Amino acid sequence: MSTSTVGGWWERWRRWLVPLLVVALFVSVLRILEGEAAHLRYDDIMAAFRAVPGRQLALALGCTLLAYAALPGYDVLALTYAGHRLPIRRIAYGSLITYGISQTLGFPAFTGGSLRVRLWSAWGLETPEIARAAAFAGATFTFGIVVLTGIASLAEPAESLGRLHLPVVLVRLTGVAALTLAALYVGWSIWRRGRIVRLGPMDVAIPSPRLVAAQLAVATIDWVLAALVLYVLLPAGHGVGFPAFLAFFLLAQTAGIISHVPGGVGVFETLVVLQLGNVIPTETLLGSLLAYRVVFYLVPFVVAILLLTVQEFRRQRGRLARSATYVAASYARWGEPLLPVAVGVMTIVGGVILLVSGATPAVRGRVALLVDVLPLGVIELSHFAGSLAGAALVILGWALTRRLDAAWHLARGLILVGIVASLLKGLDYEEALALAMVLAILSASRNAFYRRSSLLAEPLTPDWIAAIGVIVAVCVWVGFFSFKHVEFSNELWWRFAERGDAPRFLRASAGAAALLGAAGVMRLLRPAAPPLPSATPEALARVSAAIPGIDDTAAALALLGDKQLLFAEHGPGFLMYGVSGRSWVSLGDPFGPVAEQHDLAWRFRELADRHGGWPVFYEVSAHHLPLYIDLGLTLLKMGEEAMVPLSDFTLEGGGRKGLRRTRNDLRRAGARVEIVGPERVPALLPTLRVISDDWLSAKATREKGFSLGRFDPDYLARFPHALVYVGDRIVAFANLWTGSGTELSVDLMRYVSDAPHGVMEYLFVEMMQWGRAHGFSRMSLGMAPLSGLDGNALAPRWHRFGGLLYRHGEHFYNFQGLRRYKEKFDPVWEPRYLATPAGLALPRVLANVAALISGGITGLVGK
């Protein structure tokens, strides 16, 4: 087998490796937990859950409130370390929502990473800063585990360890090792403070001792309060000291994180039962653990969702009233992108409620009441329909995170089915109320789900497939655990009775599995990823017809024919892109109406996902930055584009003395500018070819592409040209982009080596005069790469690197000279960005973009 074949096989299957390992681990954990609870019944556990005293619940809620109040400290320290300070109120408000969501998915210092990227990108952080801040937050989280494990292992009396069957020597050695590691970290910060060290792919600044002390304080408070929530829920008189409890609580939480199981569900509970099951009755312990999940995870999650929904409502109401508060304005920047994720997760929770309800015994008295007024068939059908709706909601929750309009409509209908089914199958008003709340939140979030895309067209990732599989497996396991006293047989499938909970569970589980299996088969049988659409003559004709309605003249670059084109499904909008390596690079923003631009951006991301690529948007404007944050991308400033307001352009005044002199000198030399239409260009192409070849030879360069025009006869023949004559000889030319008639721009600008000095400056002056006379409002002079990047020591690392290259890289590229040249025309400088996946993909993305522009790898090493 060739190396390329092996590499391709590994690339295809490596994404499945971790999800499959997670599923295997989770199955093993369920087997262990089943063995520990073999003597228990479902009713015993629920009775223990309901028996948790109200005083203990109140104490647990108080500890939870304090724990969530401490969590923003992670972000404060991380942003301080990254050198990007923000108002405390902004961090605290954002943390309340994002940690409420991420805690449900897993511990926030790790599983809140994607939410942090969205927040921090919206707050102005760039990829290097986000990487540093995220790494520091993770270090703070880990530092707390290590220190507290060490203290707890050394502080707990030997008698307590004996009751827990923990080897005293091993526990003490663990404590010594943990505190030694912590001491080494503290000493490292004292002796090498402020220095930069290389750790893997990143340069890391060693934190100051003060920052390390703050790390210890924040992490200690967080972990102690999180452990206290469960500790106060344990029954009185268990005899376990808090230090020992804290030690194995940290162990169980760490194992849950390492397992990659969402929230560590099952893994955490199993380890706690294994450690405490011999001193606390297992059914009582499981009841306390269930209460802990509700208090510490579910309640904050619901609060976070409600806050997001309230802000969505206030934002819409504020738009109608044409007023906005600080919170509403902040929400529009970062809260709205989080809403689909939050609503999607809550929909999944609603589906889980229905599945678990279908897998557990109904309340006898309520079923008896229903049987008196309803036919048994209605109850049976409602039970079956509720489980099917639950399975479908689990899938739709994933689709809602991708803002699908169809998923929103289907989810609302299925939640209504679930509400009705909950009432008709057992008067389960509690779950009906919970589903009604999900329905209300979903309905209030309508504007967040705007994408008109097929559900089957969406790429369902291995992580999501594994998560859905684990959810269904847990619900089925709960059902078999609940009815393990029942003797299962073939006749059970067809038994219909008032007390037929077990048969109803079997039929509902089979129906849910069949529904999920059918959905999986439909996805497997969907058409393969289509080949990349090429720039056919028909596609170029469609672009040519759309350009007169588009203000951004850069749309004309699509007519080069060297890029793939993605068109709006209904309308004139389009997006142009190229592929290099794993990078799928869109050139500029999508073009067309705003609604089409958003849909095109999402479809482009899906297309890249289906081919295993990274979606990248190159040279995008500030106007669309919220869209790219919504797509989960981070933003790097690439430079600034010079835009000259033509209504203000004049050659009068002392500031334009140099331009007047250039113009007069060229005119005295016999120069003049003539604008010719596209119909005259083909006859001029041989002459223009000679000028272009002379220019390329003089510059010792080669033709570029992608974001730059090139001498292509078919391309040039589509545009009017500005020609500079000296006498009867053409000495310079430029093709013009005119778009909708608002913006004017020049593309290919070339001149002969013996042209008069200042010929291009003269051409620009004449073009601006011509554009103003013909009603254009602005003229683009193109990009000044790396200009406008702050080189301050506290600026983002990308800014500092770019600023350094801008100031000292003249040998490689005339960065400052190009900016000074364009400054002569007093332009307005508009920032341009690179929207790219965050993290370590950035160097490869930059190399891929450079290869596209240079026409391949060979173009990177030559001019």
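So, how was this worked out
Residues numbered from 1 in each chain as written. Predicted model: local features only at pLDDT ≥ 70, side-chain atom pairs only at ≥ 80, totals over all residues. Heavy atoms only, no water. Helix = DSSP H or I, 4+ residues; strand = E, 2+ residues; numbered from the N terminus. Buried < 20%, exposed > 50% of the residue type's maximum accessible area, 1.4 Å probe, protein only. Contact = heavy atoms within 4.5 Å. Areas by Shrake-Rupley, 256 points an atom, 1.4 Å probe, with all protein chains shown as cover. Salt bridge = Lys/Arg side-chain N within 4 Å of Asp/Glu carboxyl O. Expected span 1.5 Å × (residues − 1). Bend = angle between axes of the 7 residues up to and from the residue. Phe/Tyr/Trp six-rings, centres within 6.5 Å; stacked < 30°, edge-to-face > 60°. Lys NZ or Arg CZ within 6 Å of the ring centre and 35° of its normal. Patch = residues over 30% accessible without salt bridge, like charges linked within 9 Å, V, L, I, M, F, W, Y side chains within 5 Å. Axes fitted to C-alpha atoms, helices over the stretch in contact; angles between N-to-C directions. Parallel < 35°, antiparallel > 145°, perpendicular 65-115°, else oblique. Nonpolar A, V, L, I, M, F, W, Y, C, P; charged D, E, K, R; others polar. Core = buried A, V, L, I, M, F, W, Y, C linked by side-chain atoms within 4.5 Å. pLDDT = per-residue confidence, 0-100. Pairing = 2+ DSSP bridges.

Moving on: the overall build of the protein. If you tally the helices and strands in the protein, you get 32 helices and 13 strands. Across the 863 residues in the protein, those meeting the buried criterion constitute 51%. Taking the contacts inside the protein whose residues are at least 6 apart along the sequence as the reference set, 74% of them involve residues at least 24 apart. As displayed, the protein offers around 37,300 Å² of accessible surface, 65% of which is attributable to carbon and sulfur atoms.

What follows concerns the environment of A722. One can find A722 in strand β9 (residues 721-726). Residue classification places A722 among the buried residues on the basis of a relative accessible area of 0%. For the pair A722 and F764, spaced 42 residues apart in the sequence, the C-alpha separation amounts to 9.7 Å. Apart from residues lying up to four places away in sequence, A722 is in contact with E674, I675, A732, F733, A734, L736, L763 and M767.

What follows concerns the pattern of salt bridges. The full count for this structure, using the stated rule, is 15 salt bridges. Notably, a salt bridge pairs R663 with E766, separated by 2.7 Å at the nearest N-O pair. With a gap of 103 residues between them, R663 in helix α25 (residues 657-668) and E766 in helix α28 (residues 759-773) connect regions that are remote in the sequence. Across this residue pair, the class does not change: R663 and E766 are buried. Residues participating in the shared-partner salt-bridge network are K425, D428 and E431.

Let us look at helix α17 (residues 376-400). The terminal C-alpha atoms of α17, which comprises 25 residues, lie 35 Å apart, in line with the 36 Å expected from a rise of 1.5 Å per residue. Remark: the principal bend of α17, roughly 25 degrees, maps to V394.

One pass over the full model with this rule turns up 22 aromatic pairs. Residues Y68 and F296 carry aromatic rings whose centres are separated by 5.8 Å and whose planes lie at 55 degrees to one another, so their mutual orientation is tilted. Here the residue Y68 occupies a position in helix α3 (residues 54-70), and F296 occupies one in helix α14 (residues 282-321), the gap between them amounting to 228 residues. Considering the side-chain rings of W223 and F249, the 6.4 Å spacing of their centres and the 80 degrees angle between planes classify their relative orientation as edge-to-face. Taken as a pair, W223 in helix α11 (residues 209-231) and F249 in helix α12 (residues 242-259) lie far apart in primary sequence, 26 residues in all. Of the two residues, W223 and F249, neither departs from the other in class, the shared state being buried. When the ring centre of Y297 is taken as origin, the NZ or CZ atom of R293, which lies over that ring, is 4.6 Å away.

This paragraph deals with a nonpolar patch on the surface. A cluster of nonpolar side chains, namely L61, V299 and V303, defines an oily patch on the protein surface of about 210 Å² accessible area. Among the structural elements, V299 can be located in helix α14. Judged by relative accessible area, which is 36%, V299 ranks as partly exposed.

Our next topic: helix α18 (residues 405-426). In a regular helix each residue adds 1.5 Å, so 22 residues correspond to 32 Å; α18 covers 32 Å between its end C-alpha atoms and thus fits that length. Of all the residues in α18, the buried ones are D405, A407, W408, A411, I415, G418, I419, A421, S422, K425 and G426. Where α18 terminates, the next one or two residues include L427, which has phi positive at roughly 50 degrees.

A few words now on the packing of α3 against helix α4 (residues 72-82). Helix packing for two helices is described by the angle between their axes and how far apart those axes are. Between α3 and α4, whose axes approach to 5 Å, the crossing angle comes to 10 degrees. Overall, the two elements α3 and α4 adopt an arrangement that is roughly parallel. Two secondary-structure elements touch here, α3 through Y68, A69 and A70 and α4 through P72, G73 and Y74. The residue inventory of the contact of α3 with α4, partitioned by class, reads five nonpolar, one polar and no charged.

Even without glycine at this site, E619 takes up a positive phi of about 60 degrees. Topologically, E619 is positioned in strand β6 (residues 614-621). Since its relative accessible area comes to 24%, E619 is described here as partly exposed. Phi angles above zero are rare outside glycine, and D826 is one such case at about 50 degrees. Among the structural elements, D826 can be located in the loop between α30 (815-823) and β13 (828-836).

Here is a general trend for soluble globular proteins: nonpolar side chains tend to be buried in one another's company. One finds L565, F574, Y618, M768, M779 and F825 to be the most contacted residues of the largest nonpolar core, which totals 79 residues. Among the elements that make up this core, the one with the highest residue count is α28 (eight residues). In this structure F574 touches V543, A546, I550, A555, A558, L565, L566, F567, P590, F591 and L600, once residues within four positions along its chain are discounted. Ranked by size, the runner-up nonpolar core spans 55 residues in total, among them Y81, Y99, I145 and V272.

Close inspection of predicted coordinates is inappropriate for parts of the model with low pLDDT. On average, residues of the protein carry a pLDDT of 76, and 72% of them reach 70 or more. Between residues 1-11, whose pLDDT stays under 50, and residues either more than four places distant or in other chains, the model counts three contacts. Contacts of residues 856-863 to residues separated by more than four positions or lying in other chains number 16 contacts, the stretch itself having pLDDT below 50.

Strand residues, when the strand is regular, have side chains that alternate between the two faces of the sheet. Of all 12 residues in strand β7 (residues 634-645), 11 are buried, a share of seventy percent or more. Looking at chain direction, β7 and β13 are connected through nine bridges and run antiparallel. For L635, the partnering residue across the bridge sits in β13 and is A835.

What follows covers the environment of P209. By secondary structure assignment, the location of P209 is in helix α11. The sequence separation of P209 and W188 amounts to 21 residues, and the corresponding C-alpha distance is 9.0 Å.

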